[in-house]
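A closer look at the structure
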Amino acid sequence: MGILCISGAATALPPSPLLPAESPVPGGVAIVPLGNIDSAAQVTSQGVPVLVSTNEQGAVAVVGIPLQAQPGPASLTVRSAQGRRTVAYQILPKTYAEQRLKVAPRVVDLSPEDLARHRQEAARQQTVKAQFSQPVPYKLRFLQPTAGPRSNSFGKRRVFNGQPRAPHSGLDIPAPQGQAVIAPADGTVVDTGDYFFNGNTVWIDKGACRMSMMCHLSRIDVRVGDKVKAGQAIAAVGATGRVTGPHLHWSVLLNRAAVDPGLFLD
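Let me sum up the structure you'll find in this document. (Residues numbered from 1 in each chain as written. Predicted model: local features only at pLDDT ≥ 70, side-chain atom pairs only at ≥ 80, totals over all residues. Heavy atoms only, no water.)

Side note on the overall build of the chain
A tally of helices and strands in the chain yields one helix and 19 strands. About 12300 Å² of surface is accessible on the chain, with carbon and sulfur atoms providing 51% of the total. (Helix = DSSP H or I, 4+ residues; strand = E, 2+ residues; numbered from the N terminus. Areas by Shrake-Rupley, 256 points an atom, 1.4 Å probe, with all protein chains shown as cover.)

Quick word on the side chain of Thr146
With respect to the helices and strands, Thr146 occurs in the loop between helix H1 (112-129) and strand S9 (157-160). At a separation of 2.9 Å, a polar atom in the side chain of Thr146 contacts the side chain of Gln179. Contact partners of Thr146, with chain neighbours within four places excluded, come to Ile173, Ala175, Gln179, Ala180, Val181, Val237 and Leu248. (Polar contact = N/O pair within 3.5 Å; in protein donor to acceptor, adjacent residues only side chain to side chain. Contact = heavy atoms within 4.5 Å.)

Re unusual backbone geometry
Positive phi values are uncommon outside glycine, yet His216 reaches one of about 70°. Tracing the backbone through its elements, the reader meets His216 in strand S15 (residues 210-220). Of the residues examined, His216 reaches a relative accessible area of 5% and is grouped as buried. (Buried < 20%, exposed > 50% of the residue type's maximum accessible area, 1.4 Å probe, protein only.)

Here we look at the nonpolar core
Val29, Val62, Val181, Ile204, Ile234 and Phe264 are the most contacted members of the largest nonpolar core, which has 35 residues in total. Broken down by secondary-structure element, the contributors of at least two residues to this core are strand S2 (29-35), strand S5 (58-64), strand S11 (171-174), strand S14 (199-207), S15, strand S17 (233-237), strand S18 (247-254) and strand S19 (257-259). Among the elements that make up this core, the one with the highest residue count is S18 (four residues). Judged by nonpolar contacts, the second largest core, of 18 residues, contains Ala30, Ile65, Leu76 and Ile91. (Core = buried A, V, L, I, M, F, W, Y, C linked by side-chain atoms within 4.5 Å.)

Remarks on the pairing of strand S6 (residues 72-80)
Here three bridges tie strand S3 (residues 42-45) to S6, and the two strands are oriented antiparallel to one another. Residue pairing across strands places Gln42 opposite Arg79, the latter belonging to S6. Where S6 and strand S7 (residues 83-91) come together, nine bridges link them in antiparallel fashion. Directly across from Gly72, in S7, lies its bridge partner Ile91. Remark: two residues form the turn of the hairpin made by S6 and S7, two consecutive strands paired antiparallel. (Pairing = 2+ DSSP bridges.)

Quick word on the packing of aromatic side chains
In this structure the tally under the stated criterion is four aromatic pairs. Ring geometry for Phe142 versus Phe264: centroids 4.8 Å apart, planes at 10°, classification stacked. A residue pair is termed long-range when its members are at least 10 positions apart, and Phe142 in the loop between H1 and S9 and Phe264 in the segment after S19 qualify at 122 residues. Judged by its relative accessible area of 1%, Phe264 is buried. Seen in terms of ring centroids, Phe196 and Phe197 are 5.0 Å apart; in terms of plane orientation they differ by 75°. Their pairing is edge-to-face. What links up through ring pairs into an aromatic cluster is the set Phe142, Trp250 and Phe264. The side chain of Lys206 reaches across the aromatic face of Phe142, ending 3.5 Å from its centre. (Phe/Tyr/Trp six-rings, centres within 6.5 Å; stacked < 30°, edge-to-face > 60°. Lys NZ or Arg CZ within 6 Å of the ring centre and 35° of its normal.)

Some remarks on H1
The end-to-end C-alpha distance of H1 is 26 Å, a good match for the 26 Å that 18 residues give at a rise of 1.5 Å each. Within H1, the full set of buried residues consists of Asp114, Glu121, Gln125 and Val128. The arc that holds every buried residue of H1, seen down its axis, measures 45°, which confines them to one face. Opposite the buried face of H1, at more than 90 degrees from it, the exposed residues are Pro112, Arg119, Gln120 and Thr127. On its buried face, H1 sits against strand S13 (187-195), S14 and S15. (Expected span 1.5 Å × (residues − 1). Arc of directions from axis to C-beta.)

Printed below as a string of structure tokens:
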């Protein structure tokens, strides 16, 4: 099976252990059959390139669905030498729970200085998210980046000190301060830094439209540009940024959409 990240009815492919689990809901992953397409074809979702996995039976698009997406009909655009066509799929509804947290008031009611910092950091992260590389990984499943129980925090509507905020876009793994954090897959470190909300953070571009962000770290052991291997120690669990205690926040982006990291774990 080959995988490429590139900017009619078809026969569905059998499940593959190389692909993430399918969950076509907001914050989930849709596996959309494409049939036989040219290797030079461009497949996009709302103008953003999506991952395409191919084998001898045809091709499927592996599409990250944004948390803010509305349930109902959706489509991909396929452009090739044969022309342009759309491929329809369905986004199913899902209701996420609510999570109420008490944190330091300064990380909820931001001062003008902290708000300016946050806006600068948000713009920087948008630039990081827009990066795409096109290696051909053998598998799309990941290693869990630190030992510990997998919380069900992804997608929860968050209320900090009584004030509603954006849904939680990652998986929290409670773990002791200083515990090793490893690379979930082979990739390249594309950003590190100390962010206002996320604390010490590492971004890894894992190719084929996939990225990981790991936050609240106590220590960072890699630099931008480093090539890392799956299982390599890259940082340590901490409690930096907006947190209630030591844990690892792990976000996975697929075609720039934050999706449930649990779908990529065995």
